[in-house]
Amino acid sequence: MEDFDAFEELFAAVERHVQQHGQKPREVVVSPSLYVWLSELQREAVMMRGEAVADVVRLETPYGAVSVTIDETMSAFDVATL
């Protein structure tokens, strides 16, 4: 999985959910390591805009914002939607 693109997989999972269920997912579930990576990217982006940093990681999608949560049983390359 050396070619794993986290953003591509996150957006693909959201798109699959929309195609299957007709609406955006309530949340995207990822491994702890992927969550940390996403939260660091979000924190940096918010700080660069001069805004207050929030603790909640959200994925901005074409369908609206989706919360990102952790599942400790998932591998670093797995993404699920609820």
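Structure shown above.
Residues numbered from 1 in each chain as written. Predicted model: local features only at pLDDT ≥ 70, side-chain atom pairs only at ≥ 80, totals over all residues. Heavy atoms only, no water.

**Considerations on the overall build of the protein chain**
Argument step 1. Summing up its helical and strand segments, the protein chain has two helices and four strands in all.
Argument step 2. In the protein chain, the order of α-helices and β-strands from amino to carboxyl end is α-β-α-β-β-β.
Argument step 3. Taking 2.2 N^0.38 as the reference for a compact globule, 82 residues should give roughly 12 Å; the C-alpha atoms of the protein chain span a radius of gyration of 13 Å, in line with that estimate.
Argument step 4. Taking all 82 residues of the protein chain together, 29% fall into the buried category.
Argument step 5. The contacts of the protein chain with a sequence gap of at least 6 include a subset with a gap of at least 24, amounting to 73%.
Argument step 6. In the form shown here, the protein chain has an accessible surface area of approximately 5500 Å², with 52% of it arising from carbon and sulfur atoms.
Argument step 7. Across the protein chain, the mean location of the 6 positive side-chain charges is 10 Å away from that of the 15 negative side-chain charges. (Helix = DSSP H or I, 4+ residues; strand = E, 2+ residues; numbered from the N terminus. Rg over C-alpha atoms; globule rule 2.2 N^0.38 Å. Buried < 20%, exposed > 50% of the residue type's maximum accessible area, 1.4 Å probe, protein only. Contact = heavy atoms within 4.5 Å. Areas by Shrake-Rupley, 256 points an atom, 1.4 Å probe, with all protein chains shown as cover. Lys, Arg positive; Asp, Glu negative; His and termini not counted. Charge placed at Lys NZ, Arg CZ, Asp CG, Glu CD.)

**Focus on a nonpolar patch on the surface**
Argument step 1. Taken together, Phe 7, Phe 11, Trp 37 and Leu 41 make up a surface patch of nonpolar side chains, about 320 Å² in accessible area.
Argument step 2. The topology assignment puts Trp 37 in helix H2 (residues 32–48).
Argument step 3. Judged by relative accessible area, Trp 37 falls into the partly exposed class, the value being 34%. (Patch = residues over 30% accessible without salt bridge, like charges linked within 9 Å, V, L, I, M, F, W, Y side chains within 5 Å. Salt bridge = Lys/Arg side-chain N within 4 Å of Asp/Glu carboxyl O.)

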